[in-house]
Amino acid sequence: MSATTEPGTPYKRTDYCGGLRAADEGREVVLCGWVHKTRDMGHLVFVDVRDREGLVQVVFQSDRPDLAEEAKKLRNEFVVGVRGRVRRRSAANKDLATGEIEVEAAGLRVFAAAKVPPFVVADPPQASEELRLKYRYLDLRRPGMQRRIRLRHEAALAARNYLSGRGYLEIETPILANPTPEGARDFLVPSRVSKGRFYALPQSPQQFKQTLMVAGFDRYFQIVRCFRDEALRADRQLEFTQIDIETSFIDLDDFFALNEGLMEALFALVGRKVERPFPRLPYAEAMERYGSDKPDLRVPLEMRDLTAVASATGSEVLKGAVAAGGEVKGLRVPGAGALSRAQLDKLGDKAKALGAKGLVWIKRQGGWKSALKAAEADYEAIWAALGAGDPDLVLLVAGEREAALKALGEIRRAWPLGDPALADRLAFCWVVDFPLFEWSEEEGRFVSMHHPFTSPRDEDLPLLEAAPAEVRAKAYDLVLNGHEVGGGSIRIHDMGVQRRVFQALGLSDEETEEKFGYFLEALSLGAPPHGGIAHGFDRLVMLLAGEESIREVIPFPKTTGALDLMTGSPSAVDPRQLDELGLKIKDR
């Protein structure tokens, strides 16, 4: 269908549909957009026309029968132009931003007809996520998606303005680089010119931004695309965006204040106040109190170590766990003593799924009730150690320390907040003093907890060779409501220390030279003390928008199976392309 009531009349848009208000009454306007809904009343035809700013009601009257007949042919998602005059509605629609006015049509042009779409373009979504991702261009027409993509733009702009206003230069770094020996798996790109050699898509511009510090660009930032070949979750994608920041001659307090101000500027976009300064929490304390290195501080529950108390009880279960080298962790849940046995059993199943051998619960309502057989004095000792009261519930996990912390920490994290004021709170914190290394059973060696360019704490340098597991890093993560939204560190700028870290990671001199030769050479030619951070931009926009999945704030995301349902990627390639690259698909 292609129609016009005014052949040759130009339809140059004067206004966005969603931008019209009562103050525009009497104005002649030209609107361009998509048909959202039509209502044929016989003598009148109402058409809601939608664009990125919202929608407005257009009325076609019977005194223009040719125009009204054309309007009756319109269907959802037709692309149209409308010329008309803004007038007051007889009855306002308070649920619509443009609800006080409507446009009396004087002209109509159909730019493009549309076949019946596979789902209705409306909020809330009218289709499964799989179907929405297959037809992402339709899903992106929804007002909610339009608002979130606009918010993404505004957040990027706010970050750029904030950092530029503080002397930071945005500098692009290469997309094709060397493979990374640490961290997640790289996406490799074969070289056609140098057969058998590969580029890698960057997991981070880490070496390049440090090289920029050596080059004298002391304040750098970039809103940069990064790539990691890893399992996907609701808050993780194969390709993602970072707000990347690096600074020379860094004062850590000033740098934390800079980043806290950035968060303040971003959340001001959605009218939310950020309380500063953010608390700082050592990694070891975060694990002991919350069982997580990204604690949700809105949850008013804290874990405690009950190993000594458990050792003094008569419980064979608790004493046996401690005797085997384990620990006992406890959590008091105020007012949860009324949970049913079925609910407690579900918690126990969850603890087991997280690696614990089980979950012990204790209640004191009309006498002691527990999944643990123990003397009354033992219950009293545990109850007192946690400061529990009659309405409360006590949960214990006994066993290997890491498993106990993880299981009880996850139960704590997932506990319902209940209080709406807590749910609406922005609970930022810095987690600091991470271990420099962690042991990898798979590789049989120490690996970097963050990356190999992170500086050890000065007082822990003597431990690099003697006790690497005890070395703390000058590393920090920014956490918001249980989400890690940023991570960074003070970098190593001394070539000698950098070589010692590589050796602690089990890298030979040959490997070090092959993978990092240019970088070590750069450090030897005068590197300033420097540090930085990378903020997860997609995750931040997700939190700004109040969503639970970053797929809701990324225009063209992948599924959790790493598929692009719209384009059908990843896809097979022509054998001639593989031959050009010197590659062959190996049969499994």
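So, here is what we can say about the structure in this document. Here the structure is a predicted model, which means the values were calculated and not measured. (Residues numbered from 1 in each chain as written. Predicted model: local features only at pLDDT ≥ 70, side-chain atom pairs only at ≥ 80, totals over all residues. Heavy atoms only, no water.)

When its secondary structure is counted, the protein shows 18 helices and 22 strands. The dimensions of the protein, computed from C-alpha atoms along their principal axes, are 90 × 75 × 55 Å. Put simply, of all contacts in the protein between residues at least 6 apart along the chain, 66% involve residues at least 24 apart. Total accessible area on the protein stands at roughly 28,800 Å², and carbon and sulfur atoms take up 51% of it. If you average the places of the 81 positive and of the 88 negative side-chain charges in the protein, the two averages end up 5 Å apart. (Helix = DSSP H or I, 4+ residues; strand = E, 2+ residues; numbered from the N terminus. Contact = heavy atoms within 4.5 Å. Areas by Shrake-Rupley, 256 points an atom, 1.4 Å probe, with all protein chains shown as cover. Lys, Arg positive; Asp, Glu negative; His and termini not counted. Charge placed at Lys NZ, Arg CZ, Asp CG, Glu CD.)

Below, the discussion takes up the packing of aromatic side chains. Throughout the structure, instances matching the rule amount to 17 aromatic pairs. Measuring from ring centre to ring centre gives 4.0 Å for Phe256 and Trp430, while their planes differ by 5°; the resulting arrangement is stacked. Of this pair, Phe256 sits in helix α6 (residues 252-267) while Trp430 sits in strand β17 (residues 428-432); the two residues are 174 residues apart in sequence, bridging distant segments of the chain. Counting every residue linked through ring pairs, the aromatic cluster contains Phe453, Phe502, Phe516, Tyr518 and Phe519. Directly above the aromatic system of Tyr162 lies the positively charged group of Arg166, at a separation of 3.7 Å from the ring centroid. (Phe/Tyr/Trp six-rings, centres within 6.5 Å; stacked < 30°, edge-to-face > 60°. Lys NZ or Arg CZ within 6 Å of the ring centre and 35° of its normal.)

So, on to the nonpolar core. Within the largest apolar cluster, 52 residues are counted, with the highest numbers of intra-cluster contacts made by Val333, Leu347, Leu359, Leu393, Leu395, Trp415 and Val501. Looking at this core element by element, the count peaks at 5 residues for helix α12 (residues 401-413). In this view, Leu393 contacts Leu331, Arg332, Val333, Ala336, Gly337, Leu339, Leu344, Trp361, Ile362, Lys363 and Trp415; residues no more than four positions away in its chain are not counted. Membership of the second largest hydrophobic core comes to 41 residues, among which are Ile243, Ile250, Met263 and Leu426. (Core = buried A, V, L, I, M, F, W, Y, C linked by side-chain atoms within 4.5 Å. Buried < 20%, exposed > 50% of the residue type's maximum accessible area, 1.4 Å probe, protein only.)

A few words now on the side chain of Asp296. Mapped onto the elements of the fold, Asp296 is located in the loop between α7 (283-290) and β12 (303-305). Among residues more than four places away in sequence, those in contact with Asp296 are Arg412, Asn481 and Gly482.

The subject of this paragraph is the pattern of salt bridges. One pass over the structure, following the stated rule, counts 58 salt bridges. Note that Asp345 is salt-bridged to Arg341, the shortest N-O span being 3.3 Å. On the criterion of helical spacing, the pair formed by Asp345 and Arg341 is a turn pair, its members being 4 residues apart in helix α10 (residues 341-353). Relative accessible area serves as the criterion here: at 52%, Arg341 is assigned to the exposed category. Here Asp390 and Arg364 are joined by a salt bridge, their closest N and O atoms 2.9 Å apart. Taken together, the residues Asp390 in the loop between α11 (376-386) and β16 (393-399) and Arg364 in strand β14 (residues 360-364) connect sequence positions 26 residues apart. A residue is classified by how much of its surface remains accessible, and Arg364, at 24% relative accessible area, is partly exposed. Salt bridges linked by common partners bring Asp123, Arg132, Arg136, Asp139, Arg142, Arg148, Glu547 and Glu552 together as one network. (Salt bridge = Lys/Arg side-chain N within 4 Å of Asp/Glu carboxyl O.)

On to the sheet that holds strand β5 (residues 101-112), then. With respect to topology, 5 strands assemble into a closed barrel ordered β1-β2-β3-β5-β4, the strand pairing being mixed. Recorded for the sheet is a direction-independent mean angle of 55° between the axes of neighbouring strands. Here strand β4 (residues 79-88) runs beside β5; their pairing, made up of 10 bridges, is antiparallel. Looking across to β5, one finds that Gly84 is bridged to Ala105. Here helix α1 (residues 65-72) sits on the sheet and contacts β1 (28-40), β2 (44-51), β3 (54-61) and β5; the angle it forms with β5, its principal contact strand, is near 65°. (Pairing = 2+ DSSP bridges. Axes fitted to C-alpha atoms, helices over the stretch in contact; angles between N-to-C directions.)

There is a patch of like negative charges on the surface, built from Asp509, Glu510, Glu511, Glu513, Glu514 and Glu521. Locating Glu521 in the fold gives a position in helix α16 (residues 509-523). (Patch = residues over 30% accessible without salt bridge, like charges linked within 9 Å, V, L, I, M, F, W, Y side chains within 5 Å.)

At a minimum axis distance of 10 Å, the contact between helix α4 (residues 143-164) and helix α17 (residues 537-545) shows a crossing angle of 120°. The orientation of α4 with respect to α17, classified from their angle, is oblique. α4 and α17 meet at a crossing whose hand is right-handed. Counted together, Arg148, Leu151, Arg152, Ala155 and Ala156 of α4 and Phe537, Asp538, Val541, Leu544 and Ala545 of α17 form the full contact between these two elements. Of the residues that constitute the contact of α4 with α17, the class distribution is 7 nonpolar, no polar and 3 charged. (Parallel < 35°, antiparallel > 145°, perpendicular 65-115°, else oblique. Left-handed = near helix turned anticlockwise from the far one by under 90°. Nonpolar A, V, L, I, M, F, W, Y, C, P; charged D, E, K, R; others polar.)

What follows is about unusual backbone geometry. The linkage connecting Asp123 with the following residue, Pro124, adopts the cis geometry, with an omega of -5°. Mapped onto the fold, Pro124 is located in the loop between β5 and α2 (129-134). Residue Pro277 follows Arg276 across a cis peptide bond; omega there is 0°. Relative to the helices and strands, Pro277 is located in the loop between α6 and β11 (280-282). One non-glycine residue, Asp433, lies in positive phi territory at about 60°. Residues other than glycine seldom take positive phi values, yet Ala562 does so here, at roughly 65°. Here Ala562 shows up in the loop between α17 and α18 (575-581). Relative accessible area serves as the criterion here: at 24%, Ala562 is assigned to the partly exposed category.

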